[in-house]
Amino acid sequence: MQAAALTDVGRVRQVNEDACLADSAHGLFIVSDGMGGAQAGELASQIVVRVLPELIEQQLARVKAMTAGAIRGGMQNAVADLSRHLREETAGRLGLAGMGATVVAMLVRGRFAHIVHLGDSRAYRLRDGKLQQLTEDHSVVGILLRAGEITPAEARDHPARGRLSRFVGMEGDASPDVCTVPARPGDRFLLCTDGLTGMVDAGGITRLLLGHDEPEAACRALIEVANQAGGHDNSTVIVARFDGPG
Ligand code: MG
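The notes below deal with the structure included here.

The rules behind each value
Residues numbered from 1 in each chain as written. Predicted model: local features only at pLDDT ≥ 70, side-chain atom pairs only at ≥ 80, totals over all residues. Heavy atoms only, no water. Axes fitted to C-alpha atoms, helices over the stretch in contact; angles between N-to-C directions. Helix = DSSP H or I, 4+ residues; strand = E, 2+ residues; numbered from the N terminus. Left-handed = near helix turned anticlockwise from the far one by under 90°. Contact = heavy atoms within 4.5 Å. Nonpolar A, V, L, I, M, F, W, Y, C, P; charged D, E, K, R; others polar. Core = buried A, V, L, I, M, F, W, Y, C linked by side-chain atoms within 4.5 Å. Buried < 20%, exposed > 50% of the residue type's maximum accessible area, 1.4 Å probe, protein only. Salt bridge = Lys/Arg side-chain N within 4 Å of Asp/Glu carboxyl O.

### Concerning the packing of helix H6 (residues 202-211) against helix H7 (residues 215-228)
Two elements in contact, H6 and H7, have axes separated by 9 Å at closest approach and are oriented at 145°. Regarding H6 and H7, the two cross each other, and that crossing is right-handed. Here H6 contributes Ile205, Leu208 and Leu209 to the contact with H7, which in turn contributes Ala218, Ala221, Leu222 and Val225. Looking at the contact of H6 with H7, its residues break down into seven nonpolar, no polar and no charged.

### Re the nonpolar core
In terms of nonpolar packing, the biggest core is built from 30 residues, with Ile30, Val48, Leu52, Leu82, Met99, Val103 and Val168 touching the most fellow members. Only strand S3 (28-35), helix H1 (40-61), helix H2 (68-90), strand S5 (103-109) and strand S6 (112-118) provide two or more residues apiece to this core. It is H1 that provides the largest number of residues to this core, a total of ten residues. Apart from the residues lying within four places of it in its own chain, the contact partners of Leu82 are Ile47, Val48, Val51, Leu52, Leu55 and Val168. Tyr124, Ile205, Cys219 and Val237 belong to the second largest nonpolar core, which has 18 residues in total.

### With respect to the pattern of salt bridges
As a working rule, side chains carrying opposite charge can pair if their charged atoms are close by. For the structure on display, the rule yields twelve salt bridges. Arg122 is the salt-bridge partner of Asp137, the closest N and O atoms lying 2.7 Å from each other. With Asp137 in the loop between strand S8 (130-133) and helix H3 (140-146) and Arg122 in strand S7 (residues 122-127), this pair connects stretches of sequence that are 15 residues apart. Note on Arg122: relative accessible area 17%, which makes it buried. In this structure, Arg241 and Glu214 form a salt bridge, with 3.6 Å as the shortest nitrogen-oxygen distance. On the criterion of sequence distance, the pair formed by Arg241 in strand S11 (residues 235-241) and Glu214 in the loop between H6 and H7 is long-range, its members being 27 residues apart. Residue class for Glu214 comes out partly exposed when judged on its relative accessible area of 40%. Within this structure, Asp81, Arg84 and Asp173 form a network of salt bridges that share partners.

Have a look at this one:
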């Protein structure tokens, strides 16, 4: 796995509340977008990338046979634990009310990529020149779109834009979505926050990935285009190229 990660504050915000981790040696990649007032957003996404690797490791240590189902279950449990951890961390602490974060995490084992997420940070796979979105946004607008109640054009400036239906640190039990997709040599995976996808559509992302084969160059190009389009939010990208099971 060859991977690169890049995060940028954008053109409008003062603070970068996104965080990311790319650990090629362990095949683990995480992107998180924090939210909440004062420093809460920054803190939330930092907790996600710091704590989640340990939680995943703990879960997988209990697994007897590393089947895809067992890995998915472990990742799901790890993110549910993470959500509880974040909520407990904020309980009763002044200034941290409303603290939460998105998470999208990918673990590559053998010829498979296992992806877990909460919120509207996304995972994509580029294969044979085609970009496939692997996650469904846990957002109010995403739910309305999938139900056919609003059009993609209406979604762009919907009043509920940005409101998440599920996230790390939410009240009650977070139920993360998890999926497994096969990886073939040459496949490229992209994990990103909404700072990218709010500014660049799927066609634009496809063209940029096709135009930049090296993960590092692709990351730079994606962030640059998000900023050229206005850079309204922090943007974070991880591009990982699968070269074969390591
Ligand atoms: Mg964002």
